Amino acid sequence: MELYRYLGFSKNPFSTYSAEEESDFLSDIYINPKFFNSLKSDITNGHSRFILGARGIGKTALLSQLKYKLELENIFAIIIDKFDDIPTTNNSMEFMRLIIEELIKHYSIELSRNPKRLHKLSKIQKEKLSFIINEFFITLSSTEYNELKDRTNIYRRINFWKQLYNKIFNKPINLIISGCMELASDTVRKSLGLPDINKETFYKNYLPEFIIEPSERSERVLNHKAYKAILSDFAEIIKVSGFVNVVIFFDKIDEYTRLNNNISAVAEFLQSVLKDTTILMDNSYSIVFSIWDAIKPELTNGGVRFDKIRPFDITWTNEDIRLIIEKRISYFSQGKMTLSRLIKDAQIVEDVISLSNHSPRYIFRLLSYIYDCQTEIKNDSDTLEVEAIKRGENIYCSNFDWYAIYPTRTTGKGNIITNINRLLKIGKTKIKTTDYISVYRVSTPTAISYIKIALNYNLIKELPETDGSAKLYAIIDPVINHLIKIGVQELRN
């Protein structure tokens, strides 16, 4: 019999620690942050918002729970977390196109399930929806919808006809473009019973001009005004069909591989769309951006108006973390187990919680190490024993993935591991400038620069008391303090 059975669980409660892996039972174990109802009310009523938080703090779990709760209240909500076709800079229009593409994909699936929603639309709204499907419906996987042909080659032909027609004829090319595009989306439009719109008159409302786009994406680009009008109109169509509001969540932007985990690159990627308040302040829909808190200063310096679009900061206290653990333990034991029964010593419980540094993801990662160590030590135990806890803590701290929560991997004095190793070699939880000077034999200005870097990383904080005339600094991060306690002097870079 496995350890979790002896501990009183139906299965190992610590084997997963990400929202993606826990989607099936997230609603049963989730603890709402204090601002949850206020945020939910704001986006229900058409206000766009920013959610700020460190990595591992629970941004994805929050978005998943918000989406779940909103859908119970008949709100059409989607999460966008893939950005493969978005340029890394000057991309406001590409973000709008992505929003419309994702909305039409999910809305088409909804209509295929409930076609009666179309009965609520006027003739003009059905024509607009037909146009939006023609323009923005993209190939879906078989699990989402009936598979459509790849449109890449079609777009190449469209650009050819655009250029040729613009050179030879002095008139709009809307009809030629729409004719080509119907090859990819006509099946969806017909299956929903939408009209074949009068292109000669209808397209003029949305497409006053076209821009030839010579980039990697072989497709035409509408102007900014057209995208805004389409997005607003589409949101209104969705609401008229029976939904209270339309909410678009953006998640995992900082994980986009082309940005290389670089703060400046992530900030630049977002600046164009986040500075476009005409998009974010349109009450036809709500957009919620989940943002890595490390990039907020650069976004602010770049002109993003956090004073106009309200940000919500995700923070957890140690008591919150305790409640999060308790709810998970209760769920996996059908209400029979508590944290105090799982770990008998109250002080050890406090020590374990403090090592999480207020992160739900990292408390369960730590508990997974402890669980594995308990399996090795005594597989039939009905508690997590002290030896397993201490061993698990040491493994967790020694193998902590610093690059997952700190900015870009750099070389030299700016590297996060380099700066942690400096603190480990000093070997004190309270330090001063002279510690760097004596241990590393550097000048005072160099020692001061090391202090500033550690402060910028939020690894240390200045204390109100001094040592004589010297400033004192305390190490903030509990993992570093634990490594110092067990005598670790260097981590592998």
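The structure reproduced in this document is the subject of the present report. Quantities reported herein were computed from a predicted structural model and do not represent experimental measurements.

1. What to know about the packing of aromatic side chains
How two aromatic rings sit relative to each other is given by the distance of their centres and the angle of their planes. As enumerated under the stated definition, the model contains 26 aromatic pairs in all. Taking the centre distance of 5.1 Å and the plane angle of 65° together, the rings of Phe-50 and Phe-306 count as edge-to-face. Within this pair, whereas Phe-50 is found in strand β1 (residues 49–53), its partner Phe-306 is found in the loop between α13 (296–301) and β5 (311–313), the two being separated by 256 residues in sequence. A relative accessible area of 1% places Phe-50 in the buried class. A network of ring pairs unites the aromatic residues Phe-50, Phe-83, Phe-95, Phe-250, Tyr-256, Phe-269, Phe-289 and Phe-306 as a single cluster. Across from the ring centre of Tyr-450, 3.7 Å away, lies the NZ or CZ of Arg-422, which sits over that ring.

2. Things to note about the sheet that holds strand β3 (residues 246–250)
Read across the open sheet, the five strands follow the order β2-β3-β4-β1-β5; overall the sheet is parallel. Unpaired on one side and paired on the other, β2 (76–80) and β5 mark the two borders of the sheet. The sheet shows a mean angle of 20° between the axes of neighbouring strands, taken without regard to direction. With five bridges connecting them, β2 and β3 associate as parallel partners. Counterpart to Ala-77 in the pairing with β3 is Val-247.

3. A look at the environment of Leu-459
Counting through the fold element by element, Leu-459 comes out in the loop between α21 (444–456) and β7 (460–467). On the accessibility criterion, Leu-459 (0% relative accessible area) is buried. Separated by 17 residues in the primary sequence, Leu-459 and Ile-476 have C-alpha atoms spaced 5.4 Å apart. Setting aside chain neighbours within four positions, we find Leu-459 in contact with Tyr-406, Ile-416, Asn-419, Ile-420, Leu-423, Ala-454, Ala-474, Ile-475, Ile-476, Asp-477 and Ile-480.

4. Thoughts on the side chain of Thr-60
Among the structural elements, Thr-60 can be located in helix α4 (residues 59–72). For Thr-60, a relative accessible area of 19% translates into the label buried. Ignoring sequence-local partners within four residues, the contact set of Thr-60 consists of Ala-19, Glu-20, Asp-251 and Lys-252.

5. So, the sheet that holds strand β6 (residues 430–431)
In sheet architecture, strand pairing relies on hydrogen bonds along the backbone and comes in two forms, parallel and antiparallel. Sheet architecture is open: three strands sit in the order β6-β8-β7, paired in antiparallel fashion. In this open sheet, the two strands that pair with only one neighbour each are β6 and β7. Direction of pairing for β6 relative to strand β8 (residues 470–475): antiparallel, over a ladder of two bridges. Residue pairing in the sheet places Lys-430 in a bridge with Ala-474 of β8. Set on the sheet, α21 makes contact with β6, β7 and β8; between it and β7 the angle comes to about 125°.

6. Looking at the packing of helix α18 (residues 386–398) against helix α22 (residues 478–485)
Packing of α18 against α22 brings their axes to within 10 Å, and their N-to-C directions diverge by 115°. Considering only the axes of α18 and α22, their crossing is left-handed. Note on element contacts: α22 touches α18 through Val-479, His-482 and Leu-483, opposite Glu-393, Asn-394, Tyr-396, Cys-397 and Ser-398. The class makeup of the residues in the contact of α18 with α22 is four nonpolar, three polar and one charged.

7. Looking at the packing of helix α16 (residues 346–355) against helix α17 (residues 360–377)
Contact geometry of α16 with α17 gives a least axis separation of 8 Å together with a crossing angle of 125°. Taken together, the axes of α16 and α17 are oblique relative to one another. Residues Val-352, Ile-353 and Leu-355 of α16 pack against Ile-363, Leu-366, Leu-367 and Ile-370 of α17. Among the residues making up the contact of α16 with α17, the classes are represented as seven nonpolar, no polar and no charged.

8. Concerning the pairing of β3
Of all five residues making up β3, five are buried, and the element is well covered by its neighbours. With burial as the criterion, each face of β3 is covered, one bearing Val-246, Ile-248 and Phe-250 and the other bearing Val-247 and Phe-249. Alignment of β3 against strand β4 (residues 286–292), held across four bridges, turns out to be parallel. Looking at β4, one finds that Ile-248 is bridged to Ile-287.

Each value, and the rule that gives it
Residues numbered from 1 in each chain as written. Predicted model: local features only at pLDDT ≥ 70, side-chain atom pairs only at ≥ 80, totals over all residues. Heavy atoms only, no water. Phe/Tyr/Trp six-rings, centres within 6.5 Å; stacked < 30°, edge-to-face > 60°. Helix = DSSP H or I, 4+ residues; strand = E, 2+ residues; numbered from the N terminus. Buried < 20%, exposed > 50% of the residue type's maximum accessible area, 1.4 Å probe, protein only. Lys NZ or Arg CZ within 6 Å of the ring centre and 35° of its normal. Pairing = 2+ DSSP bridges. Axes fitted to C-alpha atoms, helices over the stretch in contact; angles between N-to-C directions. Contact = heavy atoms within 4.5 Å. Left-handed = near helix turned anticlockwise from the far one by under 90°. Nonpolar A, V, L, I, M, F, W, Y, C, P; charged D, E, K, R; others polar. Parallel < 35°, antiparallel > 145°, perpendicular 65-115°, else oblique.

Read these as spatial facts, not as claims about activity.
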